[in-house]
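# Structure at a glance
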Amino acid sequence: MGPPGSGKGTVSARITKTFGLSHISSGDILRSNISNKSELGLLMKCCIDQGQLVPDDVMSRLILRDLRAMDHSSWLLDGFPRTVPQAEALDDAHSVDTVINLNVPFQTIKQRLTSRWTHLPTGRVYNVDFNPPKVPGLDDETGEPLVQRDDDTPDTVTLRLKAYENQTEPVLEYYRSNGVLETFTGTETNMIWPHVEAFLQKKLFSVKQKVA
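Quantities reported herein were computed from a predicted structural model and do not represent experimental measurements. (Residues numbered from 1 in each chain as written. Predicted model: local features only at pLDDT ≥ 70, side-chain atom pairs only at ≥ 80, totals over all residues. Heavy atoms only, no water.)

## Regarding helix α5 (residues 84-93)
Counted only if it meets this: Exposed residues in this analysis have more than 50% of their type's maximum accessible area, buried residues have under 20%, and partly exposed residues fall in between, with area computed by a 1.4 Å probe over protein chains only. Going along the chain from the N terminus, every DSSP run of H or I of four or more residues is numbered as a helix, and every run of E of two or more is numbered as a strand. What the arc measures is the spread of directions leading from the helix axis to the C-beta atoms. In what follows, a contact means two residues having at least one pair of non-hydrogen atoms within 4.5 Å.
For α5, the full list of buried residues reads Gln86, Ala87 and Leu90. Take α5 and look down its axis: the buried residues cluster within an arc of 100°, on one side only. The inward-facing, buried residues of α5 abut α4 (56-69), β2 (75-78) and α7 (154-177).

Encoded structure:
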């Protein structure tokens, strides 16, 4: 868990690569269902087009369906659960060992996101501070113009961060009271990652010992 721009995608990719876990991203599942025009996908598109959140039961059905298909392998969930009812639905179906929370100061995230420019046709992302394009405002590969996504403008970023805080604070509290929440604080993904990796090395080793 972590607010938009906290480095969740990068940390998730490193966890799945280092520990061989299956990665389930709620964003990817949403996008594939919408593009496939599945029954749930159409329902979700309708919500998103109207600026509403996808209902908890729809989101839970979607994710739990994918988890069932994965049988007995270990997995990492990214972007789900986002509300307490989603967390409860997940707990009813599976036991969650660990919840990793990336705690990055909002000021850092704001700076990171508002510096972000995208090449829309490919989804390539640049950051003017630490990953700038070779030619300002143009994509490295195609030379086409870069744009700032609507949800990366300063006002929208502030709204997104507030919405995240209001929505997910109860979820963090839910997992904190269940004793499975582990929070990692920092301003840079590369500084946070070694701590996440060391924690998971220990955690997964003890899980393997219990199974043995």
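## A look at the nonpolar core
Where we set the bar: Buried Ala, Val, Leu, Ile, Met, Phe, Trp, Tyr and Cys residues that are joined via side-chain atoms within 4.5 Å together make up what is termed a nonpolar core.
In terms of nonpolar packing, the biggest core is built from 26 residues, with Ile63, Leu67, Leu77, Leu90 and Tyr175 touching the most fellow members. Going through the elements one at a time, α2 (26-35), α3 (39-49), α4, β2, α5 and α7 are the ones with two or more residues in this core. Not counting chain neighbours up to four residues away, the residues in contact with tyrosine 175 comprise Pro81, Ala87, Leu90, Val99, Val180 and Leu181. Judged by nonpolar contacts, the second largest core, of 18 residues, contains Leu113, Phe184, Val196 and Phe199.

## Some remarks on the packing of α4 against α5
Think of two packed helices as two axes; the pair is described by the angle between the axes and how far apart they sit. Just so we agree on the cut-off: The axes used here are C-alpha line fits, helices contributing only the stretch in contact, and every angle between their N-to-C directions lies in the interval 0 to 180 degrees. If an angle is under 35 degrees, it is roughly parallel; if it is over 145, roughly antiparallel; if it lies from 65 to 115, roughly perpendicular; otherwise it is oblique. Working rule for handedness: look at the near helix, and if it is turned counterclockwise from the far one by less than a right angle, call the crossing left-handed; if clockwise, right-handed.
The N-to-C vectors of α4 and α5 enclose an angle of 30°; their axes lie 9 Å apart at closest approach. Relative to α5, α4 is oriented roughly parallel. When the axes of α4 and α5 are compared, the crossing they make is right-handed. Contacts from Asp56, Met59, Ser60, Leu64 and Leu67 of α4 reach α5 at Pro85, Gln86, Ala89, Leu90 and Ala93.

## What to know about the side chain of asparagine 101
Just so we agree on the cut-off: We define a polar contact as two N or O atoms separated by no more than 3.5 Å, with the added condition that, inside protein, one atom must be a possible hydrogen donor and the other a possible acceptor, whereas residues neighbouring each other in sequence contribute only through side-chain atom pairs.
Here asparagine 101 is to be found in strand β3 (residues 99-103). Polar side-chain contacts of asparagine 101 include one of 3.3 Å to the side chain of threonine 183. In this structure, asparagine 101 is in contact with Met1, Gly2, Tyr164, Leu172, Leu181, Glu182, Thr183 and Phe184, ignoring residues within four places of it in sequence.

## Examining unusual backbone geometry
Cis peptide bonds are those with omega within 30 degrees of zero, and the linkage from phenylalanine 80 to proline 81 qualifies with 0°. Looking at the secondary structure, you find proline 81 in the loop between β2 and α5. One non-glycine residue, lysine 37, lies in positive phi territory at about 55°.

## What to know about the pattern of salt bridges
Between side chains of opposite charge, a pair can form as their charged atoms come close. Rules: In the sections that follow, a salt bridge refers to a side-chain nitrogen of Lys or Arg positioned within 4 Å of a carboxyl oxygen of Asp or Glu.
Under the counting rule described, the total for this entry stands at 7 salt bridges. Residue arginine 116 pairs with aspartate 152 through a salt bridge whose shortest N-O separation is 3.1 Å. In this pair, arginine 116 sits in strand β4 (residues 116-119) while aspartate 152 sits in the loop between β5 (124-127) and α7, placing the two residues 36 residues apart along the sequence. Accessibility expressed as a relative area gives 0% for aspartate 152, which makes it buried. Three or more residues joined by partner-sharing salt bridges are found here, namely Arg116, Asp152 and Arg160.

## Considering the UniProt feature "binding site: AMP" (unreviewed entry) in the chain
What counts here: UniProt positions are given in the numbering used here, feature names are shortened, and annotations may be inferred rather than shown by experiment.
Residues given the UniProt feature "binding site: AMP" (unreviewed entry) here are Ser26, Arg31, Gln52, Leu53, Val54, Gly79, Phe80, Pro81, Arg82, Gln86, Arg149 and Arg160. Sequence-wise these annotated residues cover 135 residues; spatially they are dispersed, their C-alpha atoms as much as 28.3 Å apart. Positionally, glutamine 52 belongs in the loop between α3 and α4. Classification of glutamine 52 as partly exposed rests on a relative accessible area of 44%. Of note, leucine 53 is situated in the loop between α3 and α4.

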